[in-house]
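Chain residues, written in single-letter form:
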Amino acid sequence: LASEMNKLSVQERSKALDELHCVGEDLKETPEMIETSLAEFDQILQERNEPIYNLAASQNRSYVEDPAFRLRFLRANLHDVDK
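If you're wondering where the values come from, they're calculated on a predicted model, not measured in any experiment. (Residues numbered from 1 in each chain as written. Predicted model: local features only at pLDDT ≥ 70, side-chain atom pairs only at ≥ 80, totals over all residues. Heavy atoms only, no water.)

Trainee: Honestly, the packing of aromatic side chains in this entry has me stumped. Any pointers?
Mentor: Each aromatic ring pair is specified by the distance between its two centres and by the angle formed by the two planes. All chains considered together, the criterion is met by three aromatic pairs. Ring geometry for Phe-41 and Phe-73: centres 6.5 Å apart, planes at 20°, overall stacked. Here Phe-41 is found in helix α3 (residues 31-48), whereas its partner Phe-73 is found in helix α5 (residues 67-76), with 32 residues between them in sequence. Look at Phe-41 and you get buried, because its relative accessible area is 15%. (Phe/Tyr/Trp six-rings, centres within 6.5 Å; stacked < 30°, edge-to-face > 60°. Helix = DSSP H or I, 4+ residues; strand = E, 2+ residues; numbered from the N terminus. Buried < 20%, exposed > 50% of the residue type's maximum accessible area, 1.4 Å probe, protein only.)

Right, dumping it as structure tokens:
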């Protein structure tokens, strides 16, 4: 890992370390961004039919479908729905 990190430029290395430690640029959320991200997240969940998600939904559907709960995942991935 260290040798791979040394191959990166200073900027790339800094960005990688910031991502690893969850620091760096703050994402400026807007209500529209949140609404769009939540809609895309819901669509992906329906399309993928993930067994882990289905298990969680069978145990407490209202919790896993709560927008505040889903927003945690979106924020953790800077609203990158595919992650």
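Further notes follow.
Trainee: Looking at this structure, I do not really get the confidence of the model for the chain. What am I missing?
Mentor: Do not read the fine detail of predicted coordinates wherever pLDDT is low. Summarising the model, the chain shows a mean pLDDT of 88, and 94% of its residues fall at 70 or more. When pLDDT is averaged over each element of the chain, helix α4 (residues 51-64) comes out on top at 95 and helix α2 (residues 10-20) at the bottom at 84. (pLDDT = per-residue confidence, 0-100.)

Trainee: What is the right way to read the nonpolar core from this model?
Mentor: If you look at the biggest cluster of nonpolar residues, it comprises eleven residues: Leu-38, Phe-41, Ile-44, Leu-45, Tyr-53, Ala-57, Val-64, Phe-69, Leu-71, Leu-74 and Val-81. Setting aside residues up to four positions removed in sequence, Val-64 forms contacts with Tyr-53, Ala-56, Ala-57, Phe-69 and Arg-70. (Core = buried A, V, L, I, M, F, W, Y, C linked by side-chain atoms within 4.5 Å. Contact = heavy atoms within 4.5 Å.)

Trainee: In this structure, what is going on with the pattern of salt bridges? I would like to understand it.
Mentor: Pairing between side chains of opposite charge can happen when their charged atoms approach one another. Applying the stated criterion across every chain, the model contains five salt bridges. In this structure, Arg-75 and Glu-29 form a salt bridge, with 2.7 Å as the shortest nitrogen-oxygen distance. Of the two residues, Arg-75 is situated in helix α5 and Glu-29 in the loop between α2 and α3; the sequence distance between them amounts to 46 residues. By relative accessible area, Arg-75 is classed as partly exposed at 44%. On the basis of relative accessibility, which here comes to 30%, the residue Glu-29 falls in the partly exposed class. (Salt bridge = Lys/Arg side-chain N within 4 Å of Asp/Glu carboxyl O.)

Trainee: Just to check I follow, could you spell out the environment of Val-81 for this structure?
Mentor: For Val-81, the location among the structural elements is in the segment after α5. In this structure Val-81 comes out as buried when scored by relative accessible area, which is 9%. Along the sequence, Val-81 and Ser-14 sit 67 residues apart, while their C-alpha atoms lie 24 Å from each other. Apart from residues lying up to four places away in sequence, Val-81 is in contact with Ser-37, Glu-40, Phe-41, Ile-44 and Leu-74.

Trainee: Looking at this structure, how should I read α3?
Mentor: Under the 1.5 Å per step criterion, the end-to-end length of α3 is 26 Å for 18 residues, consistent within 8% with the ideal 26 Å. Lining the buried residues of α3 we find α4 and α5. Phi turns positive, to about 50°, at Asn-49, one or two residues after α3. (Expected span 1.5 Å × (residues − 1).)

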